[in-house]
Amino acid sequence: MAATACSYNSALLPSSPNFSHHDRHPPVTSRVSSSNKGLTRTKYQKGTIKCAREFSDFVGGDLLKPDLGKWLSDVEEHKAIAIYPPHEGGYEGRYLNRLRYQGYRFLDLSARGLGDPETTLTKIHPVCPAHIGKQPIARWYFPPEVDYRLSLLPPDAKGLVVWILEAKVLSKAELQFLALLPTLRPKVRVIAECGNWRKFVWTPLKDIAGLTANEAL
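Quick caveat: nothing in here was measured; it's all calculated off a predicted structure.

## Some points on the overall build of the chain
Along the backbone of the chain there are 8 helices and 10 strands. A buried classification covers 31% of the 217 residues belonging to the chain.

Encoded structure:
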């Protein structure tokens, strides 16, 4: 049976004298090897690799979508939001700054190593410091993260935003507690990064956690 293999190799580097810096796409060669009845023939074909460009690559994709008003209204209405920023990052800072301009303060936490969210955020919780095996295992107690930060808010602050990084590793029960946290602490808003998408999108956290509208109230 005839077998065909195709591979792309860079023929010329930018430092090569045959490469012009005015060329838009560097030339490459494609090598196609085919075998038929024990005979092997190799053909070389010239081609180019083209990268598509969009208008958003020059002006910033986050500036083309005027959705900041919708973002602020959804945060105030649902109080707990699941966001899906792009993999390359950077877009979420635009939405974070908009909340900062409204007077919110932030508590940034990573879901990895957070432990039980209810205990860490709203209760006095123990923490065991690392040791090298020769000391006795100690246990220190820390105040609730959310209550402690709320007590430090200045009088002109609008509230506290608990921004959870890598929330995709949390269980459904843990996401349900985060969705209910603004009900327990009215001045708290929750933003959980539950995954990634091609553009910055968000949805109410109660929809991701599987809570009904009555349970979220």
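Read on for the rest.
## Remarks on the sheet that holds strand E9 (residues 188-193)
What the 5 strands build is an open sheet, ordered E5-E8-E9-E4-E10; its pairing is mixed. The sheet is open, and its two edges are formed by strand E5 (104-110) and strand E10 (201-204), each paired on a single side. In this sheet, adjacent strand axes meet at a mean angle of 25° when their direction is disregarded. Bridge count for strand E8 (residues 159-165) against E9 is 5 bridges, and the pairing is parallel. Each bridged residue has a counterpart across the sheet, and for Ile-164 the counterpart in E9 is Ala-192. Here helix H3 (residues 92-101) sits on the sheet in contact with E5, E8, E9 and E10, set at roughly 140° to E5.

## With respect to the side chain of Arg-94
Its location among the elements puts Arg-94 in helix H3. At 3.5 Å, the side chain of Arg-94 forms a polar contact with the side chain of Tyr-95.

## Focus: the pattern of salt bridges
Scanning all chains against the criterion turns up 8 salt bridges. Notably, a salt bridge pairs Glu-166 with Arg-112, separated by 3.2 Å at the nearest N-O pair. Pair noted here: Glu-166 is in the loop between E8 and helix H6 (172-184) and Arg-112 is in the loop between E5 and helix H4 (117-122), with a separation of 54 residues, a long-range link. The salt bridge partner of Glu-118 is Lys-123, with a shortest N-O separation of 3.7 Å. Note on Glu-118: relative accessible area 33%, which makes it partly exposed.

## Brief notes about the nonpolar core
Nonpolar side chains in soluble globular proteins tend to end up buried together. Within the largest apolar cluster, 28 residues are counted, with the highest numbers of intra-cluster contacts made by Val-146, Ile-164, Leu-178, Cys-194 and Leu-205. Contributing elements (two or more residues each) for this core: strand E4 (80-84), E5, E8, H6, E9 and helix H7 (205-209). Considering each element in turn, this core owes the most residues, 5 residues, to H6. Once residues lying within four places of it in the same chain are set aside, the contact partners of Cys-194 are Ala-82, Ile-83, Tyr-84, Ala-167, Lys-168, Leu-175 and Leu-205. Counting 16 residues, the second-largest nonpolar core is a separate cluster that includes Trp-71, Val-75, Tyr-104 and Phe-200.

## What to know about the packing of helix H2 (residues 68-78) against H3
The description of two helices packed together rests on the angle between their axes and the distance between the axes. Viewed as axis vectors pointing N to C, H2 and H3 meet at an angle of 60°, and their least axial separation amounts to 11 Å. What the angle tells us is that H2 and H3 run oblique. For the element pair H2 and H3, the recorded crossing hand is right-handed. Residue-level contacts link Leu-68, Trp-71, Leu-72 and Val-75 of H2 to Arg-94, Tyr-95, Arg-98 and Leu-99 of H3. Looking at the contact of H2 with H3 residue by residue, the class counts come to 6 nonpolar, no polar and 2 charged.

## Topic: the environment of Ala-167
Positionally, Ala-167 belongs in the loop between E8 and H6. Taking the C-alpha atoms as reference points, Ala-167 and Ala-82, 85 residues apart in sequence, are found 8.8 Å from one another. Those residues in contact with Ala-167 that lie beyond four places of it in its chain are Ala-111, Leu-175, Ala-192, Glu-193 and Cys-194.

Rules used throughout
Residues numbered from 1 in each chain as written. Predicted model: local features only at pLDDT ≥ 70, side-chain atom pairs only at ≥ 80, totals over all residues. Heavy atoms only, no water. Helix = DSSP H or I, 4+ residues; strand = E, 2+ residues; numbered from the N terminus. Buried < 20%, exposed > 50% of the residue type's maximum accessible area, 1.4 Å probe, protein only. Pairing = 2+ DSSP bridges. Axes fitted to C-alpha atoms, helices over the stretch in contact; angles between N-to-C directions. Contact = heavy atoms within 4.5 Å. Polar contact = N/O pair within 3.5 Å; in protein donor to acceptor, adjacent residues only side chain to side chain. Salt bridge = Lys/Arg side-chain N within 4 Å of Asp/Glu carboxyl O. Core = buried A, V, L, I, M, F, W, Y, C linked by side-chain atoms within 4.5 Å. Parallel < 35°, antiparallel > 145°, perpendicular 65-115°, else oblique. Left-handed = near helix turned anticlockwise from the far one by under 90°. Nonpolar A, V, L, I, M, F, W, Y, C, P; charged D, E, K, R; others polar.

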